[in-house]
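Each chain is listed here by its residues.
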Amino acid sequence: MLTLIARRFLAAVPMLLGVSIAAFLLLHALPGDPAQSILGQRATPENVERFRQREGLNDPLPQQYARFMDNALHGDLGTSHRTNRPVLDELKERVPATIELAFFATLLAAVIGISLGVLAAVRPRSIWDFLCLGFALIGVSMPIFWLGFLLQKFLSGTLKILPFGERLDIAKWPGFESETGFYLLDSIFVYRNVELTLDVMHHLLLPSLVLATIPMALIARMTRANMLEVLSQDFIRTAKAKGLAPRQVITRHALRNALIPVITAIGTQFGYLLGGAVLTETIFSWRGLGTYVVEAIDALDAKPLQASVMVVALVFISVNLLTDLSYAVIDPRLRHSGGKTQQAVPGIGWLAFAPWAVAGLPWLSLLVLVLLKSTGRIEPGNAAFDKAMHTTWIALGAEGLALLVVLAVRGLIWQAVSSIREMAVTTARHGLAAVKDLSRFLLGHKPALAGLALIMLMLVAAIGAPWIAPHDPMQGLDVYNHPASSEYWFGTDSQGRDLFSRLVWGSRTTLRVALAATLLSLMLGTIVGAVAGYFGGAADSFFMRGIDFMMSFPSFLLAVVTVAILGKNLDNLIWAVGLVGVPLFARQVRAEVLRVKALDYVESARALGFGRVRILATTVLPNCITPIIVLATLGMGGAILDVAGLAFLGLGGDPFVPEWGLILKHGWDQSSKGAFQVGVAGVCILCTVLGFNLFGDGLRDWLDPRSRRV
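The model shown is predicted, which means the values in this text are computed figures rather than measured ones. (Residues numbered from 1 in each chain as written. Predicted model: local features only at pLDDT ≥ 70, side-chain atom pairs only at ≥ 80, totals over all residues. Heavy atoms only, no water.)

Of regular secondary structure, the protein possesses 30 helices and zero strands. Counting every position in the protein, which comprises 710 residues, the buried fraction comes to 46%. A separation of at least 24 residues holds for 74% of the contacts in the protein among residues at least 6 apart in sequence. Carbon and sulfur atoms make up 66% of the accessible area of the protein, which totals about 35200 Å². (Helix = DSSP H or I, 4+ residues; strand = E, 2+ residues; numbered from the N terminus. Buried < 20%, exposed > 50% of the residue type's maximum accessible area, 1.4 Å probe, protein only. Contact = heavy atoms within 4.5 Å. Areas by Shrake-Rupley, 256 points an atom, 1.4 Å probe, with all protein chains shown as cover.)

What follows is the structure in structure tokens.
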């Protein structure tokens, strides 16, 4: 056990080091000159240069990083140029609010999610089971910024049951001063006032409920699946045969064994809620770390952004570390298997992998140069940029020529053509049968059929937008906030634009960005996961450490910071959402490749003398393609939510472009006048994401016959 703990702590050290480097580079990665951003656009060049000299911005980057780490270790996180206050003082006010919100949301998600999952598993195929599954699907498909608006209007506005906007009733408690920053802890242990504690919890309930929606649905679904599996085990039948009461069988035997993976999910969800709190805090004007990050991005305030990224990553890594250790305590089998690694393909060590890593450098250089150009940071005619791009293309051309020579000398070109032809024939032969089988299955799987219908409806709207939309979505009609009528089916917005036309064109924008982001995640994740899983050893260590580093950040927060670096426009949302989705695809593809490469037919191909790359491309990957397609279908729904959420935060660029998140944001800003606009935009997002989730679940059931009987 001590060995496992030491190994986990040692594994966290390089991730913490990588987080510190990434946070430091944020100062130089944000658009514009750091000194100019801090001093303002009116600062003279002399003042800017003087500031750079005083702050050491002209020093080499390693020297700047050493100074940055020394200051951070001594509690000096810099000063915000937006508020002119020490960042550490502002974090002491903001971080406790976010942690308190995330903890309360995790508690709600765990209690309600586990209860619903157990109830659904105990009574399978009952009304409770269908309600739980419906809640889980809608919960993971729900845009929380839309749900927050609905609950505000209903619970705070109409019924006036729950308060909105503050952490406690200031008028009722004018003399309240927090000593720890955690209002709940202060009310319990400092003031020891029951009424004050209830008031704090009363204010926490609504934002926590909104934030807990997605993890609540995931926990309910996972608990149900695990309970169904455990209830079918032999020891459960033995307990029933002994005459134990059903409640004892469920609570003492089934639930305890089913909760082992659920506990891990709960710990992981707490870390992700820190990133998801960005949206919730914006909705409820909650002065936490999420709104602090958005404010820093809007003002290009690097110091608060650096500190916020470090704090969130530190908490996220710590929570995951504690979760892993608690999982090992609950399941003793992991104490002895945690150090085992997968066996590498023979002949793949660091020396054998090094040429591949070097060959990838020009491609990495090309990616960086394209990103710099797409974000507008390189002026046209820049000699240094043109030279770097020219050198990169020469290197790529040399690589391509060398590859062709090697392939020709070894006779692999004809083998590749034969393999592609064989793969095409096999795909055509078996693909038609698979399509027929899938069609028959979907006709009997009503949820998947409904999901496919929703997807087709949105695709028709996106493709046929020029013919379906009656008006130009970006042109004002001089008819402001007009109600729905025969001429304007959904009315007009505050700018006089036809809302129906904007929603139709918004389907094209949202689906285009989400599809491009999903394809980017799929392509990069498949390459990384396939190489890491099949070759193992050095390749696995190299790629998966990078994936672990990316997973050190909550995904949505990482997307927010990526947009801040690249610049605010819809095209950059593709990069932000796509890069954030790479770890999910990489880990799933790696797991599938590890499973497939141990099968007999792969060993037979290796025994016949086929090359490693050929086996991976023609034998292993084709047998992993169906789970990857399912993952891409489900990932498309998540990408739509991320794109809409980032656009809602104002990170989508041009506010006149029709996009569902932006349309919802515009209606939100109009308060009661834009309620209908918020409603229809939210329904579009919900229905589309729900369609992809329903269809993805149907594909998963089709691929796994065992799930058809559940």
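Now, onward.
A surface patch of nonpolar side chains, amounting to about 440 Å² of accessible area, comprises Leu 185, Ile 188, Phe 189, Val 190 and Tyr 191. With respect to the helices, strands and loops of the structure, Tyr 191 is situated in the loop between α8 (183–190) and α9 (194–211). Classification of Tyr 191 as partly exposed rests on a relative accessible area of 35%. (Patch = residues over 30% accessible without salt bridge, like charges linked within 9 Å, V, L, I, M, F, W, Y side chains within 5 Å. Salt bridge = Lys/Arg side-chain N within 4 Å of Asp/Glu carboxyl O.)

Right, let's talk about the confidence of the model for the protein for a bit. Across the protein, pLDDT averages 81, with 87% of residues at or above 70. Within the protein, helix α15 (residues 334–337) has the poorest average pLDDT of any element, 51, and helix α21 (residues 465–468) the best, 92. Across residues 337–341 the pLDDT falls below 50, and counting only partners more than four positions away or on other chains, this stretch makes three contacts in the model. (pLDDT = per-residue confidence, 0-100.)

For the rest of this paragraph, the subject is the pattern of salt bridges. Taken as a whole and assessed by the stated rule, the structure comprises 15 salt bridges. Note that Arg 67 and Asp 59 form a salt bridge whose closest N and O atoms lie 3.3 Å from each other. The salt bridge involving Asp 298 is made with Lys 568; its shortest N-O contact spans 3.1 Å. Of this pair, Asp 298 sits in helix α13 (residues 289–298) while Lys 568 sits in the loop between α24 (555–566) and α25 (570–597), and the two are 270 residues apart along the sequence. Taken together, the salt bridges that share partners define one network made up of Arg 82, Arg 94 and Glu 295.

What follows concerns unusual backbone geometry. Within the chain, Lys 160 stands out as a residue other than glycine whose phi angle is a positive 55 degrees. Tracing the backbone shows Lys 160 in the loop between α7 (144–158) and α8. Residue Lys 160 is classed as exposed on the basis of its relative accessible area, which comes to 64%. Residues other than glycine seldom take positive phi values, yet Ser 285 does so here, at roughly 50 degrees. For Ser 285, the location among the structural elements is in the loop between α12 (246–284) and α13.

To continue, consider the nonpolar core. Ranked by internal contacts, the top residues of the largest apolar core, which has 141 residues, are Leu 646 and Ile 685. No other element matches α12, which puts 16 residues into this core. Excluding residues within four positions of it along the chain, Ile 685 makes contact with Pro 143, Phe 145, Ile 640, Leu 641, Ala 644, Trp 660, Gly 661 and Leu 664. One finds Tyr 534, Ala 539, Val 602 and Leu 616 within the second-largest nonpolar core, a separate group that totals 15 residues. (Core = buried A, V, L, I, M, F, W, Y, C linked by side-chain atoms within 4.5 Å.)

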